[in-house]
Amino acid sequence: MTASPEHQVPTQYRIRIGGHLDQHWSAWFDDLTLTHESDGTTSLCGFVADQSGLHGLLLKVRALGVVLISVEAVDPAETGRGR
């Protein structure tokens with residue numbers, strides 16, 4: 001196993017969960033953008049500082065008891081929301 005990089009660049013993620021969350025949950029999820037999808041899921045999108053931050057978000061998903069559908073790193077150029 002190699003050592004962690006000295007400086008990690010924030011990565012944009014999209015986390016999909018089952019059901020529609022109210023917008024007030026955005027603050028609890030570190031101000032990620034919540035989008036209600038037409039298939040009945042919610043996408044949480046935004047930049048996460050590092051792997052520790054990502055794991056913290058996933059713990060919050062677990063604490064809510066909602067279904068985790070997917071987690072993906074997103075290229076900001078694809079979403080048009082470059083930093």
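Computed from a prediction, not measured in an experiment: that's the story for all the values here.

**A word on the sheet that holds strand β1 (residues 11-18)**
Strand order in the open sheet made by the 4 strands is β2-β3-β1-β4, with antiparallel pairing throughout. Among the strands making up the open sheet, the edge pair consists of β2 (33-36) and β4 (68-74). Averaged over neighbouring strand pairs, the angle between their axes works out to 20° when direction is ignored. Pairing of β1 with strand β3 (residues 41-48), which is carried by 8 bridges, proceeds in the antiparallel orientation. In the strand pairing of β3, Y13 is matched with G46. Sheet strands in contact with helix α2 (residues 51-64) are β1, β3 and β4, and its direction is about 15° off that of β1.

**What to know about the packing of aromatic side chains**
In total, this model carries 2 aromatic pairs according to the counting rule given. Each ring, one from W25 and one from W28, has its centre 5.4 Å from the other, and the planes form 65°; the classification is edge-to-face. Of the two residues, W25 and W28 both sit in helix α1 (residues 25-28), 3 residues apart, roughly one turn of that helix. Residue class for W25 comes out partly exposed when judged on its relative accessible area of 25%. Ring geometry for W28 and F29: centres 5.3 Å apart, planes at 75°, overall edge-to-face. A residue is classified by how much of its surface remains accessible, and W28, at 34% relative accessible area, is partly exposed. Linked through ring pairs, W25, W28 and F29 together constitute an aromatic cluster. K60 extends its terminal NZ or CZ atom over the ring of W28, reaching a point 5.5 Å from the ring centre.

Rules of the game
- Residues numbered from 1 in each chain as written.
- Predicted model: local features only at pLDDT ≥ 70, side-chain atom pairs only at ≥ 80, totals over all residues.
- Heavy atoms only, no water.
- Pairing = 2+ DSSP bridges.
- Helix = DSSP H or I, 4+ residues; strand = E, 2+ residues; numbered from the N terminus.
- Axes fitted to C-alpha atoms, helices over the stretch in contact; angles between N-to-C directions.
- Contact = heavy atoms within 4.5 Å.
- Phe/Tyr/Trp six-rings, centres within 6.5 Å; stacked < 30°, edge-to-face > 60°.
- Buried < 20%, exposed > 50% of the residue type's maximum accessible area, 1.4 Å probe, protein only.
- Lys NZ or Arg CZ within 6 Å of the ring centre and 35° of its normal.

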